[in-house]
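Coordinate inspection notes
Residues per chain, in single letters:
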Amino acid sequence: MRIATRLCLGWCGALFALPAAAQDVIKYKVAPEKEQQLGIYATVAEPCLGAPIPQLRIAEAPKGGKLIIRVLAAPIPAGDAVCGGKKIPAMVVFYQSDKGFLGVDRVSLDIGIKGQPIRKQTIEITVGE
């Protein structure tokens, strides 16, 4: 029996669906020096089980701040008819600007599951007003 898995890139607003173009630039505005969640990266297998956590590589590190990466239990959105409310392991990425940094920072990530193609994601972070 084969288990189907889906990879989530970025914020999983819908049930772990890939964005139409995974290489698009995702933009965030954040307050200086405060930790801001940028994305949740997970795979889900039928029936609503966590599959292997995606591998994440920082292709371009931020220059005006730092990335914080944690493995957490991420909830599947409650609106999902089949899996709503369940939690699966996920890699959650946060950003925090350096003290005094204001402006635009940029991060590029390579994300994938062993045996599947690597997806690239670029995140542009505007720090300050």
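Quantities reported herein were computed from a predicted structural model and do not represent experimental measurements.

**Topic: the overall build of the protein**
Scanning the protein from N- to C-terminus turns up 0 helices and 10 strands. Going from the N terminus to the C terminus, the protein shows its helices and strands as β-β-β-β-β-β-β-β-β-β. Looking at the protein as a whole, 41% of its 129 residues qualify as buried. With an accessible surface of roughly 7400 Å², the protein has 55% of that area assigned to carbon and sulfur atoms.

**Digging into the nonpolar core**
Core analysis: the largest hydrophobic core is formed by 15 residues, its most contacted members being Leu-38, Tyr-41, Leu-109, Ile-123 and Ile-125. Put simply, the parts of the chain that give this core at least two residues each are β2 (25-30), β3 (36-41), β8 (87-97), β9 (103-112) and β10 (119-127). For Ile-123, the contacting residues outside a window of four places in its chain are Ile-26, Tyr-28, Leu-38, Tyr-41, Asp-105, Arg-106, Val-107 and Leu-109. In terms of nonpolar packing, the next biggest core, distinct from the first, is built from 12 residues, Val-44, Ile-76, Val-92 and Phe-94 among them.

**Regarding the sheet that holds β3**
Read across the open sheet, the 3 strands follow the order β3-β8-β7; overall the sheet is antiparallel. The outermost strands of the open sheet, each flanked by one partner alone, are β3 and β7 (65-75). Neighbour to neighbour, the strand axes of the sheet diverge by 25° on average, direction disregarded. In the sheet, β7 pairs with β8 via 11 bridges, with the strands oriented antiparallel. Paired with Ile-69 across the bridge in β8 is Val-93.

**Description of the sheet that holds strand β6 (residues 55-60)**
Sheet architecture is open: 4 strands sit in the order β2-β10-β9-β6, paired in mixed fashion. Two strands close off the open sheet at either side, each with one partner strand: β2 and β6. Each neighbouring strand pair of the sheet contributes to a mean axis angle of 30°, computed without reference to strand direction.

**Comments concerning the confidence of the model for the protein**
This prediction gives the protein a mean pLDDT of 81; 81% of its residues lie at or above 70. When pLDDT is averaged over each element of the protein, β9 comes out on top at 95 and strand β1 (residues 5-7) at the bottom at 46. Below a pLDDT of 50 lies the segment residues 1-7, which in the model reaches 25 contacts outside its immediate sequence neighbourhood of four places, other chains included. Counting interchain partners and residues more than four positions distant, the pLDDT-below-50 stretch residues 9-22 has 40 contacts.

**Structural notes on the packing of aromatic side chains**
This structure, assessed with the given rule, holds 0 aromatic pairs. For the cation-ring pair, Arg-70 lies above Phe-94, with the distance from its terminal atom to the ring centre recorded as 4.8 Å.

**Quick notes on the environment of Tyr-41**
With respect to the secondary-structure elements, Tyr-41 resides in strand β3. The spacing of Tyr-41 and Ile-111 is 70 residues in sequence and 8.2 Å in space, taken between C-alpha atoms. Polar side-chain contacts of Tyr-41 include one of 2.5 Å to the side chain of Gln-121.

Calculation notes
Residues numbered from 1 in each chain as written. Predicted model: local features only at pLDDT ≥ 70, side-chain atom pairs only at ≥ 80, totals over all residues. Heavy atoms only, no water. Helix = DSSP H or I, 4+ residues; strand = E, 2+ residues; numbered from the N terminus. Buried < 20%, exposed > 50% of the residue type's maximum accessible area, 1.4 Å probe, protein only. Areas by Shrake-Rupley, 256 points an atom, 1.4 Å probe, with all protein chains shown as cover. Core = buried A, V, L, I, M, F, W, Y, C linked by side-chain atoms within 4.5 Å. Contact = heavy atoms within 4.5 Å. Pairing = 2+ DSSP bridges. Axes fitted to C-alpha atoms, helices over the stretch in contact; angles between N-to-C directions. pLDDT = per-residue confidence, 0-100. Phe/Tyr/Trp six-rings, centres within 6.5 Å; stacked < 30°, edge-to-face > 60°. Lys NZ or Arg CZ within 6 Å of the ring centre and 35° of its normal. Polar contact = N/O pair within 3.5 Å; in protein donor to acceptor, adjacent residues only side chain to side chain.

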